[in-house]
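# Structural features, examined
So you can see what is in the structure, the chains are spelled out below.
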Amino acid sequence: LKVLSDNADYTYDDVAMIRDDVKSVEFGVPADAINGHAFHTYTLTSADKSVQFQLQHNVAGRTVYAEGTADAVKFLAQKVQTESEGKVYSMINVLEAGALE
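Sequence order sets the numbering: in each chain, residues are counted from 1 along the sequence as written. A pLDDT threshold of at least 70 governs which residues receive local features in this predicted model, and a stricter bar of 80 or more applies before side-chain atom pairs are shown or counted, although totals over entire chains, interfaces and linings include all residues. Side-chain numbers come from the whole structure's heavy atoms, not from hydrogens or water.

## Section: the side chain of Asp71
For helices the rule is a DSSP run of H or I covering at least 4 residues; for strands it is a run of E covering at least 2, with both sets numbered from the N terminus onward. Position of Asp71 relative to the elements: it lies in helix α3 (residues 63-82). Per-residue accessibility, obtained with a 1.4 Å probe over protein chains only, is compared with the maximum for each type, and a residue is labelled buried under 20%, exposed over 50%, and partly exposed between these values. Residues scored as charged are limited to Lys and Arg (positive) and Asp and Glu (negative), so that His and the chain ends carry no count. By convention in these notes, a salt bridge is any Lys or Arg side-chain nitrogen within 4 Å of a carboxyl oxygen on Asp or Glu. One buried charged side chain, Asp71, makes no salt bridge at all; its nearest oppositely charged neighbour is Lys74, positioned 4.2 Å away. Contacts are assigned to residue pairs with any non-hydrogen atoms lying within 4.5 Å of each other. Each residue touching Asp71, except ones within four places of it in the same chain, is listed here: Val94, Ala99, Leu100 and Glu101.

## Notes on the packing of aromatic side chains
Each Phe, Tyr or Trp ring (for Trp, its six-membered ring) is paired with any other whose centre lies within 6.5 Å, and the angle between the two planes then decides the class: stacked below 30 degrees, edge-to-face above 60, tilted in between. Under the criterion given, the structure shown has 1 aromatic pair. Ring centres of Phe75 and Tyr89 lie 5.3 Å apart, and the angle between their planes is 90°; this geometry places the pair in the edge-to-face category. In this pair, Phe75 is assigned in helix α3 and Tyr89 in the loop between α3 and α4 (91-96), connecting sequence segments 14 residues apart.

## What about α3?
Expected span of a helix, by definition, is 1.5 Å for each gap between consecutive residues, and there is one gap fewer than residues. Compared with the 28 Å implied by 1.5 Å per residue over 20 residues, the 29 Å span of α3 between its first and last C-alpha is a close match. Listing the buried residues of α3 in full gives Gly68, Asp71, Ala72 and Phe75. Considered in projection along α3, the buried side chains sweep an arc of 105° and stay on one side of the axis. Opposite the buried face of α3, by more than 90 degrees, sit the exposed residues Thr63, Val73, Val80 and Gln81. The inward-facing, buried residues of α3 abut α4. Throughout, the arc means the angular range of directions from the helix axis out to the C-beta atoms.

## Some words on the pattern of salt bridges
The tally for this structure, following the rule as stated, stands at 2 salt bridges. Linking Glu101 and Lys74 is a salt bridge whose minimum nitrogen-to-oxygen distance equals 3.0 Å. Here Lys74 lies in helix α3 and Glu101 lies in the segment after α4, a separation of 27 residues in the sequence. By relative accessible area, which is 75% here, Glu101 ends up exposed. On the basis of relative accessible area, Lys74 is assigned to the partly exposed category, the value being 44%. Where Glu83 meets Lys79, a salt bridge forms, and the shortest distance between an N and an O atom there is 3.5 Å. Under the relative-accessibility criterion, Glu83 is labelled partly exposed at 32%.

What follows is the structure in structure tokens.
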């Protein structure tokens, strides 16, 4: 990715984004998740176009985000009770602690 970011030939225009409800449903987003979804496909293609690697993740709805937020709040509440000094945490810390329910 560092190579891509330093490559003047690779620009923001090379990123395809779909922000149209009809096209999103055609892409596979459930109609009831149009207002809360994250469907992403990342594609890396070799310079000679002979190799392609794709990573895809799809989130339909907002429940997973709300549950993650609740788990993070519980994690932070426990940290406030047990630690004497302030510290900044990320969701990585929540995941590493096994704090997701």
